[in-house]
Amino acid sequence: EVFDTPIANPVANKLICDDDNDGFWPLDLNALSTIVLGTQNTADFTVSYHLSQAEADANSNAIASPYTNVAAYVQEEIFIRIENNNNASCYDTSSFLFDVFDQPTAENVLYDLCDDATDGDDTNGFVNFDLASITPQVLGTQNPLQFNVTYHLNQADANANVSALPLNYVNVTANSQQIVVRVENTDNTDCFETAL
């Protein structure tokens, strides 16, 4: 008899932004099986997940779904095995990385300055703002070494992390201007939050 050898379609790395910042995440492995299978028939193949390549090859110690990482903020490699249900010797393996990162919070800050004559006019409503001076307020109790703070003119720029304002910034709208702050995790820039 001849049996089809399955293909373990690649699963993208799972770099999770942790919503409660405890460093642990229950990863739904069952939801990933659809990706691993691709167009292959679910009745013909079985997908399992393992903590080592040797376990995936031997089809031993499969981990249950959901799988919660063993240590907070430590990258793990999860190994995938897909096998033919009619012949376990016909199998394929692949792997993906799983890591959890703190989701930052961005505090809203009101930054007021009195107009001065630095630009030659103390009544025109324009003043030089030292945006770096409010970064501690934006971060609150979060570790400043873990998070990067940038300031932007609009929400779209903050979301895309483009066109960051210089930290010494002169407002372009007299008397008042709204600035959007972006706080991102330095280890995973997809983990970010914005505030006005």
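Calculation rules
In this numbering scheme, every chain counts its residues from 1 along its sequence in written order. The model is predicted, so local features are restricted to residues of pLDDT at least 70 and side-chain atom pairs to those at 80 or more, both for listing and for counting; the totals for chains, interfaces and linings are taken over all residues. Side-chain numbers here rest on the full set of heavy atoms in the structure, without hydrogens or water. Only strands joined by at least two bridges in the DSSP assignment are considered to pair. Under the scheme used here, helices are H or I runs from DSSP no shorter than 4 residues and strands are E runs no shorter than 2 residues, and both carry numbers assigned from the N terminus. Only the stretch in contact is used when a helix axis is fitted, and all axes are lines through C-alpha atoms; the angle between N-to-C directions ranges over 0 to 180 degrees. Any two residues whose heavy atoms approach within 4.5 Å at even a single point are treated as in contact. Disulfides are defined as cysteine sulfur pairs within 2.5 Å. Each residue gets one of three labels from its accessible area relative to the maximum for its type: buried under 20%, exposed over 50%, partly exposed in between, using a 1.4 Å probe on protein chains only. Geometry of aromatic contacts follows a simple scheme: Phe, Tyr and Trp rings, the Trp one being its six-membered ring, pair when their centres are within 6.5 Å, and the pair is stacked under 30 degrees between planes, edge-to-face over 60, tilted otherwise. Here, a charge over a ring is recorded when the distance from Lys NZ or Arg CZ to the ring centre is within 6 Å and its angle to the ring normal is within 35 degrees.

> When you look at the sheet that holds strand β5 (residues 76–84) in this model, what are you seeing that I'm missing?
Sheet strands pair via backbone hydrogen bonds, and the direction of the pair is either parallel or antiparallel. Pairing is mixed in the open sheet, where four strands are placed in the order β1-β6-β5-β3. The open sheet is flanked by β1 (14–18) and β3 (45–50), the only strands paired with a single partner. Within this sheet the neighbouring strands show an average axis-to-axis angle of 25°, counted without direction. Where β3 and β5 come together, six bridges link them in antiparallel fashion. When the bridges of β5 are listed, Thr46 appears paired with Glu83. Along the sheet, helix α1 (residues 29–37) makes contact with β1, β3, β5 and β6 (87–102), crossing β3 at roughly 125°.

> What should I look at first to understand the environment of Ala8 in this one?
Relative to the assigned elements, Ala8 resides in the segment before β1. The spatial distance from the C-alpha of Ala8 to the C-alpha of Asn61 is 19 Å, given a sequence separation of 53 residues. Non-local contacts of Ala8, meaning those with residues more than four positions away in its chain, are made with Val36, Ile82, Asp92, Thr93 and Ser94.

> Mind showing me how you'd approach the state of the cysteines here?
Joining two cysteines, a disulfide is a covalent bond between their sulfur atoms. Here the structure, examined in full by the defined rule, presents one disulfide. Shown here is the disulfide that connects Cys17 with Cys191, its sulfur atoms set 2.0 Å apart. Because the torsion about its S-S bond is -100°, the bridge between Cys17 and Cys191 counts as left-handed. Here Cys17, found in strand β1, pairs with Cys191, found in strand β11 (residues 188–195); they are 174 residues apart in sequence, far enough to count as distant. Judged by its relative accessible area of 0%, Cys191 is buried.

> What's the story with the side chain of Asn188 in this structure? I'm lost.
On the secondary structure map, Asn188 appears in strand β11. For Asn188, a relative accessible area of 7% puts it in the buried group. In contact with Asn188, not counting residues within four places along its chain, are Leu15, Cys17 and Phe101.

> Please explain the packing of aromatic side chains as it appears in this structure.
When we look at a pair of aromatic rings, we describe it by the centre distance and by the angle of the planes. Overall, the coordinates contain two aromatic pairs when judged by the stated rule. Between Tyr111 and Phe129, the aromatic rings sit 5.0 Å apart at their centres with planes inclined by 75°, giving edge-to-face as the arrangement. In this pair, Tyr111 sits in the loop between β6 and β7 (128–130) while Phe129 sits in strand β7, placing the two residues 18 residues apart along the sequence. Looking at Arg182, its charged tip hangs above the ring of Phe192, at a distance of 3.8 Å from the centre.

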